[in-house]
Amino acid sequence: MSNVRKAVVALAAGVGIVASGGVAVAAPTATGGIGIQCTRQYVVVSNATLRNSPGGSVVAYSFTGDKFNVPSPSGVWYEGNLYDQHSTYIGHGYLLASALAYTGTCF
């Protein structure tokens, strides 16, 4: 069965599609309905600090133009991975959502 056919069957069965290593796979959604889950890419729009927990110790500094990949954005603090403008990994932690703008990229 082709991957496209598997995805169509999964959607018909009431499960979502999750990107896993660049491949879409079937998975149930939080609401039990059909949905797409992905990691969202944000860009830093104002200098901020990457923290080890919401409001915790500083792990690194982020600057305007850096990228922050967030698997589950919610609340005031987003957890994710920070990359500089050249896509070099800086670290994992929390950034204030107000310092970020969604790029429209979901992978």
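Okay, so let's go over this structure.

Reading the values: the criteria
Residues numbered from 1 in each chain as written. Predicted model: local features only at pLDDT ≥ 70, side-chain atom pairs only at ≥ 80, totals over all residues. Heavy atoms only, no water. Pairing = 2+ DSSP bridges. Helix = DSSP H or I, 4+ residues; strand = E, 2+ residues; numbered from the N terminus. Disulfide = S-S within 2.5 Å. Buried < 20%, exposed > 50% of the residue type's maximum accessible area, 1.4 Å probe, protein only. Phe/Tyr/Trp six-rings, centres within 6.5 Å; stacked < 30°, edge-to-face > 60°. Lys NZ or Arg CZ within 6 Å of the ring centre and 35° of its normal.

1. Re the pairing of strand E7 (residues 67–70)
Examined bridge by bridge, strand E4 (residues 40–44) and E7 share 4 bridges and lie antiparallel to one another. Paired with Val-43 across the two strands is Lys-67, which belongs to E7. In the sheet, E7 pairs with strand E8 (residues 77–83) via 3 bridges, with the strands oriented antiparallel. By the bridge assignment for E8, Asn-69 is matched with Asn-81. Adjacent in sequence and paired antiparallel, E7 and E8 are bridged by 6 residues, among which Gly-75 carries a positive phi angle near 85°.

2. Quick notes on the state of the cysteines
Scanning the entire structure with this criterion turns up 1 disulfide. In this model, Cys-38 is linked to Cys-106 through a disulfide, with the two sulfur atoms separated by 1.3 Å. Residues Cys-38 and Cys-106 are joined by a disulfide whose S-S torsion is about -80°; by sign, that bridge is left-handed. Taken together, the residues span a long stretch of sequence, with Cys-38 in the loop between strand E3 (36–37) and E4 and Cys-106 in strand E10 (residues 100–106) at a distance of 68 residues. Classification of Cys-38 by relative accessible area gives buried; the value is 15%. With a relative accessible area of 38%, Cys-106 lands in the partly exposed category.

3. Some details on the packing of aromatic side chains
For any pair of aromatic rings, the description rests on two quantities: the centre-to-centre distance and the angle between the ring planes. With the rule as written, the count across this model stands at 3 aromatic pairs. A ring pair is formed by Tyr-83 and Tyr-89, whose centres lie 5.5 Å apart and whose planes are at 65°; its orientation type is edge-to-face. The class for Tyr-83 is partly exposed, based on a relative accessible area of 22%. Residue Tyr-89 is classed as partly exposed on the basis of its relative accessible area of 46%. Each residue in the set Tyr-42, Tyr-78 and Tyr-102 is aromatic and connected to the rest through ring pairs, giving one cluster. Against the face of Tyr-102 rests Arg-40, its NZ or CZ located 5.4 Å from the ring centre.

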